[in-house]
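# Fold and geometry: a report
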Amino acid sequence: SQTIHQWPATLVQPVGSPLSLECTVEGTSNPNLYWYRQAAGRGLQLLFYSVGIGQISSEVPQNLSASRPQDRQFILSSKKLLLSDSGFYLCAWSLRGLVNQPQHFGDGTRLSIL
Amino acid sequence: GESVGLHLPTLSVQEGDNSIINCAYSNSASDYFIWYKQESGKGPQFIIDIRSNMDKRQGQRVTVLLNKTVKHLSLQIAATQPGDSAVYFCAENRGKTSYDKVIFGPGTSLSVIP
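Below, the structure is looked at part by part. (Residues numbered from 1 in each chain as written. Chains lettered and ligands numbered in written order. Predicted model: local features only at pLDDT ≥ 70, side-chain atom pairs only at ≥ 80, totals over all residues. Heavy atoms only, no water.)

### Looking at the packing of aromatic side chains
Basically, it comes down to this: Each Phe, Tyr or Trp ring (for Trp, its six-membered ring) is paired with any other whose centre lies within 6.5 Å, and the angle between the two planes then decides the class: stacked below 30 degrees, edge-to-face above 60, tilted in between. Each helix is a run of H or I in the DSSP string that is no shorter than four residues. Each strand is a run of E no shorter than two, and both are numbered from the N terminus. Burial classes follow relative accessibility: with a 1.4 Å probe on protein chains only, a residue under 20% of its type's maximum area counts as buried, one over 50% as exposed, and anything between as partly exposed. Both a distance and an angle decide whether a charge sits over a ring: NZ of Lys or CZ of Arg must be within 6 Å of the ring centre and within 35 degrees of the ring normal.
Counted by the stated rule, this structure contains nine aromatic pairs over all chains. The interplanar angle of 90° and the centroid separation of 5.6 Å between the aromatic rings of Tyr36(A) and Phe104(B) together place this pair among those described as edge-to-face. Of the two residues, Tyr36(A) is situated in strand S4 (residues 32–38) and Phe104(B) in strand S10 (residues 102–104); the pairing between them involves two chains. An identical accessibility class is assigned to Tyr36(A) and Phe104(B); each is buried. The lysine or arginine in question, Arg110(A), covers the ring of Phe88(A), its NZ or CZ lying 4.3 Å from the ring centre.

Structure follows, in structure tokens:
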């Protein structure tokens, strides 16, 4: 069966510091990968998606970037965090090559910027 | 504009009763819909999906109904249990692209009264 792992679960960082959140998927090959941000009491906003190694698309302009160095690894980064980067970050995967497939989520990283 | 939204932000149900969570969507071209359950501090968990060529789909204690005429989606939970307390999101998949573009509603918080 497929599993998705995110770490760390929680992170407290000062303004201006760098960020690296990691997500890995097991049990499937060539997945589509996604990064979402969820503000408190709100829905999910898609930040980035990737359909293959090195292929990253951004949905919204922001202070963050994403990379996919390996097939089942997705990284969310920032060089200098802003207060507005606080939130709950979720990684997800879906099967590539098939239409109308659900996305499956990790348990997220709670990021607090001080 | 295009959106997926919920009729009620909160819902309280007595344990053992049936729950009905509603969702409206505005894009008549959408052909795939998903319900997710999100417990506190965790990522959304896939519950059930339905394609636009269906009106009803049943799972274990859950049923999703799709009314394309009025662009309405509902999730019915039978014999609601305390473990069903969570935020429920409907999502609309417009995935006719190389990835599954999913639009999430804002969510409905379900509270089960013991």
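Anyway, onward from the coordinates.
### Topic: the pattern of salt bridges
All names here are of chain A. Selection rule: Put simply, a salt bridge is a Lys or Arg side-chain nitrogen that is within 4 Å of an Asp or Glu carboxyl oxygen.
Considering all chains together, one arrives at five salt bridges over all chains under this definition. Between Arg37 and Asp85 there is a salt bridge, with its nearest N and O atoms 4.0 Å apart. Here Arg37, found in strand S4, pairs with Asp85, found in the loop between strand S8 (73–78) and strand S9 (87–94); they are 48 residues apart in sequence, far enough to count as distant. Judged by its relative accessible area of 16%, Arg37 is buried.

### What about the side chain of Asn93(B)?
The condition that has to hold: Identification of polar contacts relies on pairs of N or O atoms within 3.5 Å, with a donor-acceptor requirement for protein atoms, meaning one able to donate a hydrogen and the other able to accept it, and with residues adjacent in sequence counted only if both atoms are side-chain atoms.
In this fold, Asn93(B) is placed in strand S9 (residues 86–93). In this structure the side chain of Asn93(B) is engaged in a polar contact, spanning 3.4 Å, whose partner is the backbone oxygen of Gln101(A).

### Some words on the interface of chain A and chain B
We count it as follows: Only heavy atoms enter the contact rule, under which two residues are in contact if any of them lie within 4.5 Å. Throughout, the accessible surface (probe 1.4 Å) given up by two parts as they are put together, summed over both, is called the buried area. For this scheme, ten residues count as nonpolar: Ala, Val, Leu, Ile, Met, Phe, Trp, Tyr, Cys and Pro. Four count as charged, namely Asp, Glu, Lys and Arg, and the remainder, Gly too, count as polar.
Contacts between chain A and chain B engage 25 residues on the former and 23 residues on the latter. Taken over both partners, the interface formed by chain A and chain B buries close to 1,800 Å², and the fraction arising from carbon and sulfur atoms is 50%. Viewed at the interface, chain B and chain A are joined by five residue pairs in polar contact (both at pLDDT 80 or more). For the side of chain A that touches chain B, the secondary structure elements donating two or more residues are S4, strand S5 (44–52), S9 and strand S10 (104–105) of chain A. Class assignment for the residues of the side of chain A that touches chain B results in 13 nonpolar, nine polar and three charged.

### Looking at the sheet that holds strand S7 (residues 65–70) of chain A
Whenever strands of a sheet pair, they do so through backbone hydrogen bonds, lying parallel or antiparallel. Residue and element names in this part refer to chain A. In plain terms, the rule: Strand pairing is defined by DSSP finding a minimum of two bridges between the two strands. Orientation is described by lines fitted to C-alpha atoms, with helices fitted over the stretch in contact, and by angles between N-to-C directions that extend from 0 to 180 degrees.
Read across the sheet, four strands follow the order S1-S3-S8-S7 without closing on themselves; strand pairing throughout is antiparallel. Edge strands, defined here as strands with exactly one partner in the open sheet, are strand S1 (3–7) and S7. Each strand axis lies, on average, 20° off the axis of its neighbour in the sheet, ignoring direction. Note that S7 and S8 share four bridges and pair antiparallel. Bridged to Ser65 within S8 is Ser77.

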